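Structural overview
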Amino acid sequence: MKETRYIIHCHHCYTTVIDENFICDTCEELYCEECSYTFSLHYQFQGSRCYLCADQARRNKLTKQTIRENKLLLIQR
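Description of the structure in this document. Because the structure is predicted, anything quoted here is derived from the model rather than measured.

Observations concerning the side chain of Ser36
Checked against the element boundaries, Ser36 lands in the segment before α1 (37–41). Ignoring any residue separated from it by four or fewer positions in sequence, one finds Ser36 in contact with Tyr31 and Arg49.

Some details on the environment of Glu20
For Glu20, the location among the structural elements is in the segment before α1. A relative accessible area of 52% means that Glu20 is categorised as exposed. When the C-alpha atoms of Glu20 and Cys32 are compared, they prove to be 8.9 Å apart, with 12 residues separating the residues in sequence. The residues contacting Glu20, other than those within four sequence positions of it, are Ile8 and Leu30.

About the criteria used
Residues numbered from 1 in each chain as written. Predicted model: local features only at pLDDT ≥ 70, side-chain atom pairs only at ≥ 80, totals over all residues. Heavy atoms only, no water. Helix = DSSP H or I, 4+ residues; strand = E, 2+ residues; numbered from the N terminus. Contact = heavy atoms within 4.5 Å. Buried < 20%, exposed > 50% of the residue type's maximum accessible area, 1.4 Å probe, protein only.

That's the geometry; what it means functionally is another story.
This is the structure we're talking about:
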């Protein structure tokens, strides 16, 4: 049986550059600082939320190429 490794990554953009303490209060997934509603808009009184659960637009739009590159890097690890 093949052993599967779980690499910690952002569940939106798939980057592995994240702080393990960034967990969305709503969906309970890990996210990076770029995908953070709290850090991008400074609404810390509303809790820790990723931008999808907060229903807000991203500061920097994700492109398909960025997501593809991050997924490839994740697979290669």
